[in-house]
Amino acid sequence: PHPRHPLRRGAPAGRVPFAAAAGRDSIFSGVALLQGGASLRALFREHFPGPRWLAAPVAWLAAQSFRALEPGRHVGQISPRPVLLINAEYDQLIPRRTAERLAAAARPPMRHIWLPHGHLSVDSMEMMRELADSTLSHFAFLRGPPRETADVGTPAPRPARPARPATRATRP
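Residues numbered from 1 in each chain as written. Predicted model: local features only at pLDDT ≥ 70, side-chain atom pairs only at ≥ 80, totals over all residues. Heavy atoms only, no water.

J.: A description of the nonpolar core should follow, citing residues and the corresponding values.
T.: Core analysis: the largest hydrophobic core is formed by 14 residues, its most contacted members being Phe18, Val31, Leu33, Val75, Ile78, Leu85 and Leu102. Contributions of two or more residues to this core are made by helix 1 (15–24), strand 2 (31–34), strand 3 (83–88) and helix 5 (96–105). Sort the elements by how many residues they give to this core and helix 1 lands first, with 3 residues. The contacts of valine 75, once residues within four sequence positions are left out, are Leu33, Val83, Leu102, Ala105 and Ala106. One finds Leu34, Ile113, Met127 and Leu131 within the second-largest nonpolar core, a separate group that totals 10 residues. (Core = buried A, V, L, I, M, F, W, Y, C linked by side-chain atoms within 4.5 Å. Buried < 20%, exposed > 50% of the residue type's maximum accessible area, 1.4 Å probe, protein only. Helix = DSSP H or I, 4+ residues; strand = E, 2+ residues; numbered from the N terminus. Contact = heavy atoms within 4.5 Å.)

J.: Go over the packing of aromatic side chains with me, naming the residues and quoting the values.
T.: Applying the stated criterion across every chain, the model contains 1 aromatic pair. Between the aromatic rings of phenylalanine 44 and phenylalanine 66, the centroid separation amounts to 6.0 Å while the plane-to-plane angle is 40°, which identifies the pairing as tilted. Placement of phenylalanine 44 in helix 2 (residues 40–46) and of phenylalanine 66 in the loop between helix 3 (52–65) and helix 4 (71–74) is noted, with a sequence separation of 22 residues between them. A relative accessible area of 30% places phenylalanine 44 in the partly exposed class. Judged by relative accessible area, phenylalanine 66 falls into the partly exposed class, the value being 42%. Against the face of tryptophan 114 rests arginine 96, its NZ or CZ located 3.9 Å from the ring centre. (Phe/Tyr/Trp six-rings, centres within 6.5 Å; stacked < 30°, edge-to-face > 60°. Lys NZ or Arg CZ within 6 Å of the ring centre and 35° of its normal.)

Shape is all these values report; function is a separate question.
Here's what the structure looks like:
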């Protein structure tokens, strides 16, 4: 794993292509996919704004167009790196069955957490804090040993300067 990229989080706008990228690139030592699902076809069908009779064929066509990015095809390739899936029990946008399909496609080590909320809202500090806490506590082992830090408001001590040579060069 690359030291500058120990953990990558696939947030709502980026979860679809990120699952594909994380499955192919071992640069990440752990992956968290927040509120994701594993059937683009089901997601497109569920949220199609037009007539219901047109939803299935349009969803099929859209899913074919994005087939290479289907999260369910790639999440299993993330293993043996740890995968954390976080979904919301009352999510209005990601159907539970698609989240369960994503979890079924993932390989160990994998953990799936269900939070008692609706879909992610950046306006909800409580929800954002719970997502962050769940993710960071799960991946705590990636951070390594804790570093010693100074108390808040107390400046950290400066490192000692190297000693200067005692003799001076003289001019001829």
